[in-house]
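Understanding the architecture of this molecule
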Amino acid sequence: MANKPNNPFLLTTLLLLFFVSLVPFNSSLSTFSVSETGNQSLVCALIPSSRPGDFSLNCSIPQLIPVNPNASFASIVSGDGFLCTLITFSASSSSVMHCWRFSADGIINDYKRIYRGPALQQLEAGNSHICGLVNGTNDLHWWQWPDFNSTSIHNFSNIAVGEDFVCGLLENGTITCFGSRNSPTSVTQKVPSGIFRVVAAGFRHVCAIDDDQELRCWGDSVGEVPQGKFKALALGENRSCALRNNQKVVCWGQNGFTLPDSLQGKPFVSIEAKRSVFCGVLTSNYSLYCWGNESFSSNHMVFERVLPGPCTNTCPCPMLPGSGNVCGEGQIICQPCFEKTSVTPSPTPQPQQPPESGSRGGWSGRMVALLVVGCLGSLVVVLVSAFFGYKHCKCKGCRVHDSGRLDEAEAQAQSAQPPMPPPPPSPPVLEKKLSQLASMGNAGRLEEFSLEILLEATNNFSEDHKIGSGSFGAVYKATLDDGSQVAVKRAEISSTSSYAIGTKRQEDKDNAFINELESLSRLHHKNLVRLLGFCEDRNERVLIYEYLENGTLHDHLHNPQSSSPLKSWPARIKVALDAARGIEYLHEYAVPSIIHRDIKSSNVLLDATWTAKVSDFGLSLIGPEDDESHLSLRAAGTVGYMDPEYYRLQQLTEKSDVYSFGVVLLEILSGYRAIHRTHNGTPRNVVDFVVPYIVRDEIHRVLDRNVPPPTPFEIEAVAYVGYLAADCVTLEGRNRPSMTEIVNSLERALAACLVSPSISRSATSSSA
């Protein structure tokens, strides 16, 4: 039986572990990468936007980015013919890595997710292999390396990957190197002794910075190592560069390799290399400059501004000046630092040879503390990982994630899948599209919820929790265990007795499920409802969204409350502008573009600040290219909002969404439903009723009586929006404005509510 922990030292250690667990880890992740494939050089980097905390992936060969470039990447690495991106989810302390292969002519050959698991604190790639360190446990993971010597010690604080070896910096400051089985190299056989703080690998050589900030190099073609104090390294093939403490770069290697004259004396924040290509980020403006081969001989600058390092919450050393303006949300970028330690050098540990308990000198208090913290920390990480693994498995069973070569990932993943129970059979369209979606990595950016959690949060999908419905199914309000409120959209289950009809209807629902999952998993815009996760459990198809407190625009227009802020014309125009911006993003900035197909006032939701967001992507389609149009066997949408040209000709274009949005504008102006009844009960379309008044300059006759009459400053803006709505609902799509033109027009209208500009009627006409 264990004794009570009366030892004050042990209690202190346990308290230390508790507080350490609350501190976010400082990662060693790269925000830019370089590689060579044939005679082609590829440079990729995370580019900060004008809004702090937003970054996009940009490459010197843009067509080699088959994913949404605006995803929240934490790191990127690349090698000969491959590029990998890492996404880290802080809420679940997990990471997802996707990689794609490309040929020398720029053609993408393969793309898939190769890792999903505990968060990685470091990711490094050599010319052929990839290695990563798991946060907390410091376990080493590797990919694209089938003959790796996995029996070596893996407890590293830092790693460096070469052509056929990996070197790791142990917690005591010593370095050990190992590689493929039965293939010793000059690197693995000549590891120097000493205390080190940084290690970097080239193609066949290694350099490290010791505790005195001086360089030590070994392996093949090291060259004449420069003297001085250094803090960062970048090694290629038979050539090297190092970053001095004064932020100046020095280079050396075969054939007299040096830093180009134009870059001599420039201060750099960080540097990276692969084979002959070297790149660095300037301290002054975070521009990325590259050198080393003919591709950069005439112009060294590749990107005007990049993210100079990973953003984190805390820094053990001074932060990079101005980095808070780049990262946002209280995060900063750390600078490398070196503090002299009193650690006594010890021999490099041999694989699988633990120290003897009776060794000379015994255990010091510091060693015991490190041992206890390490063991308990590892245990905590294992338990947390097991908990999230259990949650992940509850909905659909665990999926095995590959840690082998990229070209073997699909085969290994399929062979590891447990067989699904046969009854009831899932329609082939769902299984096929879910597989395609998972292989593209989009589903990996979402949380997979268990059905049990959703049933509990919605009281078994009770009517009391139901708040609406859409093209996909019913929507329920739910409160999760952490107190957060979400909207849960559940697909309707077909109850028809006809097998053929039932199968067809189920395939339609599954298509809606996949369309919405695929669309929103790769979209991020403040005027689009954010998708948080999903659950796919046999017959259940469930999507989980952010919950928007103030309901739908439809309710505020047609069931107005006395407290609604939409009883002013500036507020209504602002809501229209928000929705237009969301649709514009789908048409102009999503890659590939997306046609919503079901724009209506009930699909425009309002959050706590009355910002409008577009929702319900169940009917959305990937947009056509080069002004072509979709040919559909049947039109889809909502009566009253559907484009008559689309219904008549079965041709779907982005202008079909424009028509539907024009109907929403008419609703906002008049307060009438898209299809409403006259005084004698006859159904009437808002387009047929309101547009004639607009073209006769008599819009004041049909304005919503629930809103006070426009002021002299507002009436011109309201009339201007009326003309815009009339342009949107013209019969021929080519005569309608684009969503970009609509956004620009609404921006002018909103400004006109505050001042009195002159807005001409011709400005609203489409140039098409």
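Residues numbered from 1 in each chain as written. Predicted model: local features only at pLDDT ≥ 70, side-chain atom pairs only at ≥ 80, totals over all residues. Heavy atoms only, no water.

1. Side note on the state of the cysteines
This structure, assessed with the given rule, holds seven disulfides. One disulfide in the model links Cys44 with Cys59; its S-S distance is 2.0 Å. Residues Cys44 and Cys59 are joined through a disulfide that is right-handed, its torsion about the S-S bond being 110 degrees. In this pair, Cys44 sits in strand β2 (residues 40–48) while Cys59 sits in strand β3 (residues 55–59), placing the two residues 15 residues apart along the sequence. Owing to a relative accessible area of 0%, Cys44 belongs among the buried residues under this scheme. Relative accessible area serves as the criterion here: at 3%, Cys59 is assigned to the buried category. Put simply, Cys167 and Cys177 are joined by a disulfide, and their sulfur atoms are 1.9 Å apart. Where Cys167 bonds to Cys177 through sulfur, the torsion about that S-S bond is close to 110 degrees, and the disulfide is right-handed. Pair noted here: Cys167 is in strand β12 (residues 165–170) and Cys177 is in strand β13 (residues 175–179), with a separation of ten residues, a long-range link. Since its relative accessible area comes to 0%, Cys167 is described here as buried. (Disulfide = S-S within 2.5 Å. Helix = DSSP H or I, 4+ residues; strand = E, 2+ residues; numbered from the N terminus. Buried < 20%, exposed > 50% of the residue type's maximum accessible area, 1.4 Å probe, protein only.)

2. Side note on the pairing of strand β31 (residues 540–546)
The buried count for β31 comes to seven of seven residues, which makes it a mostly enclosed element. Here five bridges tie strand β29 (residues 485–491) to β31, and the two strands are oriented antiparallel to one another. Bridge assignment links Arg490 to a residue of β31, and that residue is Val542. (Pairing = 2+ DSSP bridges.)

3. Digging into the nonpolar core
By size, the foremost hydrophobic cluster in this structure holds 63 residues, and its most contacted members are Phe661, Leu666, Ile742 and Leu746. Listing elements by their share of this core, those giving two or more residues are α9 (553–558), α10 (569–589), β33 (604–606), β34 (612–614), α12 (654–670), α13 (686–695), α14 (712–728) and α15 (739–752). Tallying contributions element by element places α10 first for this core, with eleven residues. Once you skip the residues sitting within four places of it in the chain, Leu746 turns out to touch Ile573, Ala576, Leu577, Ala580, Phe661, Leu665, Val721 and Leu724. In terms of nonpolar packing, the next biggest core, distinct from the first, is built from 36 residues, Leu57, Phe73, Cys279 and Leu288 among them. (Core = buried A, V, L, I, M, F, W, Y, C linked by side-chain atoms within 4.5 Å. Contact = heavy atoms within 4.5 Å.)

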